[in-house]
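Coordinate inspection notes
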Amino acid sequence: MSVYSWLDDGAFCATHVRGLTPHEALARLGIEVFDGDDEEGEIEEGLICAHPAEGGTILGEWNGFAGTLDEVLRPLSAGTITASVFVNVNRVADFVHYADGCKVLSFDPLIPHPAADAQAAYLSDRIELGLVHGNSEGGLVAARQLAERITGVRPNVSSHIVVAHGVLEY
């Protein structure tokens, strides 16, 4: 069983946030925070679920992309770092890393680029994980591994539990 089994493999956004609790991470987005998963079934769009993780929090969205937006990642990464992995049902994908409110790295993890064309940030990690040099073997699994390496935030035995959630209109 995958440590990310609570994410939909076909369409998701997972945002790793270092050093913040689930409640703190959602509060930075300025949205009303709900505990547990009582109301999840009633919400169709914009639901962000906060999962506890080693080293911080993972915000999960089913078929959402808020974790790739500048207006979300700037405040979420203030004083810390974030890394998001996104894919939709059309296989449009993105990896976005912010540190202290500034974008550091962004690329499509499903279309690896030659090292000469790749952004320098974390290049050796991306090469090792199969995200450059025309090696598409890494893909989304490698992108999640890169997010873990960059942030130090990894799923643990309780990460499948939604501790808090909120709705973000975007």
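You'll find the structure just up there.
Please read all numbers here as calculations on a predicted model, not as lab measurements.

Cut-offs applied
- Residues numbered from 1 in each chain as written.
- Predicted model: local features only at pLDDT ≥ 70, side-chain atom pairs only at ≥ 80, totals over all residues.
- Heavy atoms only, no water.
- Core = buried A, V, L, I, M, F, W, Y, C linked by side-chain atoms within 4.5 Å.
- Buried < 20%, exposed > 50% of the residue type's maximum accessible area, 1.4 Å probe, protein only.
- Helix = DSSP H or I, 4+ residues; strand = E, 2+ residues; numbered from the N terminus.
- Contact = heavy atoms within 4.5 Å.
- Salt bridge = Lys/Arg side-chain N within 4 Å of Asp/Glu carboxyl O.
- Phe/Tyr/Trp six-rings, centres within 6.5 Å; stacked < 30°, edge-to-face > 60°.
- Lys NZ or Arg CZ within 6 Å of the ring centre and 35° of its normal.
- Pairing = 2+ DSSP bridges.
- Axes fitted to C-alpha atoms, helices over the stretch in contact; angles between N-to-C directions.
- 1 Å grid on protein atoms, 1.4 Å probe; cavity = no way out; pocket = protein on both sides within 12 Å on 5 of 7 lines; lining within 4 Å.
- Points joined across faces, edges and corners; volume = space filled by probe spheres on them.

The subject of this paragraph is the nonpolar core. In this structure, Phe12, Ile58, Val85, Phe95 and Leu146 are the most contacted members of the largest nonpolar core, which totals 24 residues. Every element with two or more residues in this core is listed here: strand S1 (12-18), strand S5 (81-87), strand S6 (93-99), strand S7 (102-107) and helix H4 (139-151). At 6 residues, the largest contribution of residues to this core is made by H4. If near-sequence neighbours (up to four positions away) are discounted, Phe12 is found in contact with Leu7, Glu61, Asn63, Gly64, Val85, Phe86, Val87, Leu140 and Arg144.

The next subject is the pattern of salt bridges. A complete count under the given rule lists 3 salt bridges for this structure. Between Arg149 and Asp125 there is a salt bridge; the shortest N-O distance is 2.8 Å. Of this pair, Arg149 sits in helix H4 while Asp125 sits in helix H3 (residues 123-129); the two residues are 24 residues apart in sequence, bridging distant segments of the chain. The partner of Glu128 in a salt bridge is Arg149, and the shortest N-O contact between them spans 2.9 Å. Pair noted here: Glu128 is in helix H3 and Arg149 is in helix H4, with a separation of 21 residues, a long-range link. On the basis of relative accessibility, which here comes to 58%, the residue Glu128 falls in the exposed class. Sharing partners across several salt bridges, the network here consists of Asp125, Glu128 and Arg149.

By the definition in use, this model includes 3 aromatic pairs. For the pair Tyr4 and Trp6, a centre-to-centre distance of 6.0 Å together with 45° between the ring planes defines the contact as tilted. Its end group placed over the ring of Phe107, Arg126 keeps NZ or CZ at 5.2 Å from the ring centre. The ring of Tyr4 carries the charged tip of Arg144 above its face, separated from the ring centre by 4.8 Å.

Strand order in the open sheet formed by 8 strands is S2-S8-S3-S4-S1-S5-S6-S7, and the pairing between neighbours is antiparallel. Each having just a single partner strand, strand S2 (33-35) and S7 make up the two edges of the open sheet. Ignoring which end each strand starts from, the neighbouring axes of this sheet average 20° apart. Sheet topology note: the S6/S7 ladder contains 5 bridges and is antiparallel. Looking at the pairing, His97 lines up with Leu105 of S7. Helix-sheet contacts for H4 involve S1, S5, S6 and S7, and the interaxial angle to S5 is about 170°.

Taken residue by residue, a regular strand's side chains alternate between the two faces of the sheet. Pairing of S2 with strand S8 (residues 164-167) involves 3 bridges; the strand directions are antiparallel. Across the sheet, residue Asp35 finds its bridge partner in S8, namely Ala164. Across 4 bridges, the pairing between strand S3 (residues 47-53) and S8 is antiparallel. When the bridges of S8 are listed, Leu47 appears paired with Val167.

Here the structure, examined in full by the defined rule, presents 1 cavity of 30 Å³ or more. As a volume, the largest cavity reaches approximately 40 Å³. In terms of lining residues, the largest cavity is bounded by Thr15, Leu29, Ile48, Leu59, Glu61, Gly67, Val72 and Leu76. Among the secondary structure elements, those contributing two or more residues to the lining of the largest cavity are strand S4 (56-62) and helix H2 (70-76).

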